[in-house]
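Observations on the three-dimensional arrangement
Single-letter residue listing:
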Amino acid sequence: MSPHQNHEFQQWWKKQRQFLDQSDDALLTVEIRSPSTPDTTVDKGHTRSARQLSWLWLLKFQQLASSLAWFTNALFYLLRTANRRIASSDSPSDSSSSRLYRIIRVFLILVILLLCFELVAYFKGWHFSPPSVESAEAMVERVYATWLEIRANYLAPPLQSLTNVCIVLFLIQSVDRVVLVLGCFWIKVRNLKPVAAEYGNVDGESVEDYPMVLVQIPMCNEREVYQQSIAAVCIQDWPKERMLIQVLDDSDELDVQLLIKAEVQKWQQRGVHILYRHRLIRTGYKAGNLKSAMSCDYVKDYEFVAIFDADFQPAPDFLKKTIPYFKGNDDLALVQTRWAFVNKDENLLTRLQNVNLSFHFEVEQQVNGVFINFFGFNGTAGVWRTKALEECGGWMERTTVEDMDIAVRAHLCGWKFIYLNDVKCLCELPESYEAYKKQQHRWHSGPMQLFRLCFLDILRSKVSLGKKANLIFLFFLLRKLILPFYSFTLFCIILPLTMFLPEAQLPAWVVCYVPGIMSILNILPAPRSFPFIVPYLLFENTMSVTKFNAMISGLFRFGSSYEWIVTKKLGRSSEADLVAFAEKESDSLVETSSLHRSSSDSGLNELNKLENKKAVKKRRNRLYRKELALALILLTASVRSLLSAHGIHFYFLLFQGISFLVVGLDLIGEQVS
């Protein structure tokens, strides 16, 4: 080390020694100084600490302000996004339900206010020793005592009366369900099935012995499924000269029209008798489309009409399994087959739909078909006698359930129906809640429209009194009107109210035991779905608000009850196997021409371009305000139930509220991209 550096080090070390000596002296002075003597050293340290503390708090305040600003921006963004996803709704049920939503919103505000009032009473101990108006001292206590008298004398009695009415309706509907299940068991035990004649199995039978069949495929913008439905119909094991296929395209998208037309031309060049029809004026939706097709002059040459929606794929032997039932049964108008679903295990929503529809076909349709020869036509996967369609007036555009309309009119004319539970036709279930909700709205508003229109016709008809009673009381009132009414009123309105008006009682067996038994009966036709019995029960109650709103819209002729929204399909099926089979069958019939190759290739190229464009579009979650409002109502009522220690009622309200919340946030069904 140089002398200069050594000198600087010595100077620095002396300063440090002086500082340490002063510190020791100051510390020693503090220890022996009396408490009354001021300590300047400590004050100086305290002043230094306060300054640092003020800077620290200022820094924390800045962090809090920035966090608050971020939270405010995030909240505004969330509210703006929620408002956009609610306001941009194109669902008919959403556009027509403003009245119902306003009522639910008022009910929600009332329930929240009552909960706040009950919380105050709970912490004051008034739940255990209710005060009276005479003994009340404080103003709040007097108000609560007055409220107790009002709810006991004026509010609880009418609520209890409404509860009793809904319980009676619930029990009647449950008895109807049990009778249907017993009828289904009887059919299984006795092996009751319709008997059919045979076509094509007798040696030497000529082609002329086969009846003329017209096959209709109505569709509208069915980009995803048009190929597989057309191919499935074109490969039917039926003499081609005895069958004509009508592709009834109501698409308003030009590119979809071109694709369907190219597909029809492809099968025409393979020797299939198939025609493409497009209406310029699309009135009457599906009913108008079918009515227009039946007005063609050549239709009178065909004895039977088979109808398939665009997502249905009948097996090649479909006509051979259905047409024979008409032979020898001149009073038979309709042969309806069962639906089978290619995507029933796709997600929770499709599994729950499969439970419902399995019960509908296995129990309701089969029992009604065997014992009274009448049921509602499902609109597809069925074969009609042309004479029956003409005799009952043909397709009418007056409702959104044209299938049920024509079935009721044919029944009133004395025609009979047959249901085939063993013949299945593949189709697709809606995978998103939005599509399913639109479908259910149409299915539950249409019957009420029809009931208003045909009530007098039923009374004036010449059918027996028993058939009239079955149509009015069972087919329409009990299964189409009473079921959605009591389901929504009992479990979404009355049950939460009984938590705040405990003088009105809703028994536990109504809340839990009977619905559980009914759910078990509903799930019997789909035994693989037993693990989903609890979600099924909760989801059915959740869907009651949509069905109730649709029923009210159809009954009182609100505008949305006449809207028709095509149920969106995703094309989930075994179309690869179907097209491969079609290629094999067609190659044995005709030689593929260059014109066919060019037209089909151009169609496929166009489809690929459109699919690439469609892939860019992403689906976003929707928010359903009625479901969210009801979720808050049920969860609020569950808190009130917890205060009163209602075991079963609390758990039901809690899980039902969570179910409404999941559906309201669109977290069920098709996953978001």
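Residues numbered from 1 in each chain as written. Predicted model: local features only at pLDDT ≥ 70, side-chain atom pairs only at ≥ 80, totals over all residues. Heavy atoms only, no water.

**Quick word on the pattern of salt bridges**
Our working rule: Any carboxyl oxygen of Asp or Glu within 4 Å of a side-chain nitrogen of Lys or Arg constitutes a salt bridge here. Per the convention used, a helix needs a DSSP run of H or I reaching at least four residues, while a strand needs a run of E reaching at least two, with both numbered from the N terminus. Burial status follows relative accessibility: with a 1.4 Å probe on protein chains alone, a residue under 20% of its type maximum counts as buried, one over 50% as exposed, and anything between as partly exposed.
For the structure on display, the rule yields 24 salt bridges. Note that R479 is salt-bridged to D176, the shortest N-O span being 2.9 Å. Here R479, found in helix α14 (residues 465-500), pairs with D176, found in helix α5 (residues 139-190); they are 303 residues apart in sequence, far enough to count as distant. Taking relative accessible area as the criterion, R479 reaches 17% and is therefore assigned buried. Given the relative accessible area of 10%, D176 is considered buried. Here D317 and K321 are joined by a salt bridge, their closest N and O atoms 3.3 Å apart. One salt-bridge network, held together by shared partners, links E118, R151, E503 and R640.

**Things to note about empty space enclosed by the protein**
To be explicit about the condition: Think of a 1 Å grid over the protein atoms and nothing else: a 1.4 Å probe that fits but is trapped marks a cavity, an open set flanked by protein within 12 Å on at least five of seven lines marks a pocket, and residues with an atom within 4 Å of a point count as lining. Grid points are joined across faces, edges and corners, and a volume is the space filled by probe spheres set on the points. Each residue is assigned to one class: nonpolar for Ala, Val, Leu, Ile, Met, Phe, Trp, Tyr, Cys and Pro, charged for Asp, Glu, Lys and Arg, and polar for all the others, Gly among them.
Applying the stated criterion across every chain yields a total of two cavities of 30 Å³ or more. The volume enclosed by the second largest cavity comes to roughly 40 Å³. Around the second largest cavity sit P430, E431, S432, A435, K568, L570 and E670, which together line it. Among the residues making up the lining of the second largest cavity, the classes are represented as three nonpolar, one polar and three charged.

**Side note on the pairing of strand β2 (residues 243-249)**
Two faces belong to every sheet, and in a regular strand the side chains alternate between them. Basically, it comes down to this: By the criterion used throughout, a crossover qualifies as right-handed when its path from the first strand across the helix to the second strand runs clockwise, the strands pointing away from the viewer. Strand pairing is assigned whenever DSSP detects at least two bridges linking the two strands.
Burial analysis of β2 places seven of its seven residues in the buried class, the great majority of the element. Alternating residues of β2 divide into M243, I245, V247 and D249 and L244, Q246 and L248, and every residue in both groups is buried. A crossover connection joins strand β1 (residues 213-219) to the parallel β2 through helix α6 (residues 226-234); in handedness this β-α-β unit is right-handed. Strand direction decides the pairing type here: β2 and strand β3 (residues 274-278), joined by five bridges, are parallel. Across the sheet, L248 pairs through a bridge with R277, a residue of β3. What joins β2 to β3 is helix α7 (residues 254-268), and the crossover it makes is right-handed.

**Description of the UniProt feature "transmembrane region" (unreviewed entry) in the protein**
Applicable threshold: UniProt positions are given in the numbering used here, feature names are shortened, and annotations may be inferred rather than shown by experiment.
When the UniProt feature table is mapped onto this chain numbering, "transmembrane region" (unreviewed entry) sits at residues 61-79, 100-123, 162-187, 471-500 and 623-642. As annotated, residues 100-123 has a helix share of 100% and a strand share of 0%, and its two end C-alpha atoms lie 35 Å apart. From the first C-alpha to the last, residues 623-642 spans 28 Å; its make-up is 90% helix and 0% strand.

**Examining the side chain of Q236**
Heads up, the condition is: Here a polar contact is recorded for every N or O atom pair within 3.5 Å, except that within protein the pair must consist of a potential hydrogen donor and a potential acceptor, and residues adjacent in sequence are included only if both atoms are side-chain atoms. The contact criterion used is simple: two residues touch if any of their non-hydrogen atoms lie within 4.5 Å.
Tracing the backbone shows Q236 in the loop between α6 and β2. Owing to a relative accessible area of 3%, Q236 belongs among the buried residues under this scheme. Within the structure, Q236 has its side chain in polar contact with the backbone oxygen of A232 (distance 3.4 Å). Within the structure, Q236 has its side chain in polar contact with the backbone oxygen of A315 (distance 2.7 Å). Apart from the residues within four sequence positions on either side, Q236 is in contact with M243, P314, A315, P316, D317, F318 and L319.

**Focus: the environment of M219**
Mapped onto the elements, M219 comes out in strand β1. Each C-alpha atom of the pair M219 and D250 lies 6.1 Å from the other, and the pair is 31 residues apart in sequence. Residues contacting M219, with those up to four places away along its chain left out, are Y226, S229, I230, V247, L248, D249, D250, S251, I260, N289 and A310.

**Comments concerning the sheet that holds strand β7 (residues 416-427)**
Quick note on the threshold: Whenever a helix is involved, its axis is fitted only over the stretch in contact; in every case the axis is a line through C-alpha atoms, and angles between N-to-C directions fall within 0 to 180 degrees.
As summarised here, the arrangement of the seven strands in space is β3-β2-β1-β4-β6-β5-β7, forming an open sheet in which the pairing is mixed. With one partner strand each, in any of the chains shown, β3 and β7 form the two edges of the open sheet. In this sheet, neighbouring strand axes are inclined to one another by 20° on average, regardless of whether the strands run parallel or antiparallel. Of the strand pairs in this sheet, strand β4 (residues 304-307) and strand β6 (residues 382-385) are connected by four bridges, and their pairing is antiparallel. Looking at β6, one finds that I307 is bridged to G382.

**Observations regarding the side chain of R151**
Within the secondary structure layout, R151 lies in helix α5. Here R151 falls in the buried class, since its relative accessible area comes to 6%. A distance of 3.0 Å separates the side chain of R151 from the side chain of E503, its partner in a polar contact. Those residues in contact with R151, other than ones at most four positions away along the chain, are E118, A156, P157, F500, L501, P502 and E503.

**Some points on the packing of aromatic side chains**
To keep it simple, the criterion reads: Each Phe, Tyr or Trp ring, with Trp reduced to its six-membered ring, pairs with another whose centre is within 6.5 Å; inter-plane angles below 30 degrees give stacked pairs, above 60 give edge-to-face pairs, and intermediate values give tilted ones.
Summed over all chains, the structure comprises 26 aromatic pairs. Consider the rings of F374 and F417, whose centres lie 5.8 Å apart with planes at 40°: the pair is tilted. Here the residue F374 occupies a position in the loop between α10 (348-371) and β6, and F417 occupies one in strand β7, the gap between them amounting to 43 residues. Centroid distance W384 to F417: 5.8 Å. Interplanar angle 75°. Geometry classified as edge-to-face. Here F417 lies in strand β7 and W384 lies in strand β6, a separation of 33 residues in the sequence. Just as W384 is buried, F417 falls in that class too.

**Notes on helix α12 (residues 402-412)**
The element α12 is largely enclosed, with a buried count of 11 among its 11 residues. Of all the positions in α12, only E402, D403, M404, D405, I406, A407, V408, R409, A410, H411 and L412 are classed as buried. On the buried face of α12, the contacting elements are α8 (285-294), β6, α11 (386-391), β7, α13 (433-460) and α14. Just past α12, the residue G414 takes up positive phi, approximately 95°.

**Topic: the nonpolar core**
General note: in soluble globular proteins, nonpolar side chains tend to be found buried as a group. For clarity, the cut-off: Only buried Ala, Val, Leu, Ile, Met, Phe, Trp, Tyr and Cys residues count toward a nonpolar core, and they belong to the same one when joined by side-chain atoms within 4.5 Å.
Residues I230, I245, I274, W384, V408, F417 and F476 are the most contacted members of the largest nonpolar core, which totals 88 residues. The element best represented in this core is β7, accounting for seven residues. Counting 59 residues, the second-largest nonpolar core is a separate cluster that includes L100, L478, I482 and A629.

**Some remarks on the packing of α5 against α14**
This is how the line gets drawn: Two helices that cross are described as forming a left-handed crossing if the nearer one is turned anticlockwise from the farther one by less than a right angle, and a right-handed crossing if clockwise.
One way to put it is that α5 packs onto α14 with a least axis distance of 9 Å and a crossing angle of 145°. α14 is crossed by α5, and the crossing has left-handed handedness. Taken together, the residues of the contact of α5 with α14 break down into 18 nonpolar, four polar and four charged.

**With respect to a nonpolar patch on the surface**
Rules: Each patch is built from salt-bridge-free residues with over 30% relative accessible area, joining like charges within 9 Å and nonpolar side chains (Val, Leu, Ile, Met, Phe, Trp, Tyr) within 5 Å. Methods summary: accessible areas were calculated by the Shrake-Rupley approach with a probe of 1.4 Å, and residue burial reflects only the protein chains presented.
On the surface, a cluster of nonpolar side chains totalling about 600 Å² of accessible area is made up of Y651, F655, I658, L661, V662, L665 and L667. Considering the arrangement of structural elements, one finds L665 in the segment after α20 (647-664).

**Things to note about the packing of α10 against α13**
Counted only if it meets this: Put simply, angles under 35 degrees are roughly parallel, angles over 145 are roughly antiparallel, angles from 65 to 115 are roughly perpendicular, and the rest are oblique.
Contact pair α10 / α13: the axes reach a minimum separation of 11 Å and the direction vectors enclose 25°. Considered as vectors, α10 and α13 are oriented roughly parallel to each other. For α10 against α13, the interelement crossing comes out left-handed. Contact residues: α10 offers L349, Q353, N356 and L357, while α13 offers Y433, Y436, Q439 and W443. Partitioned by chemical class, the residues of the contact of α10 with α13 number five nonpolar, three polar and no charged.

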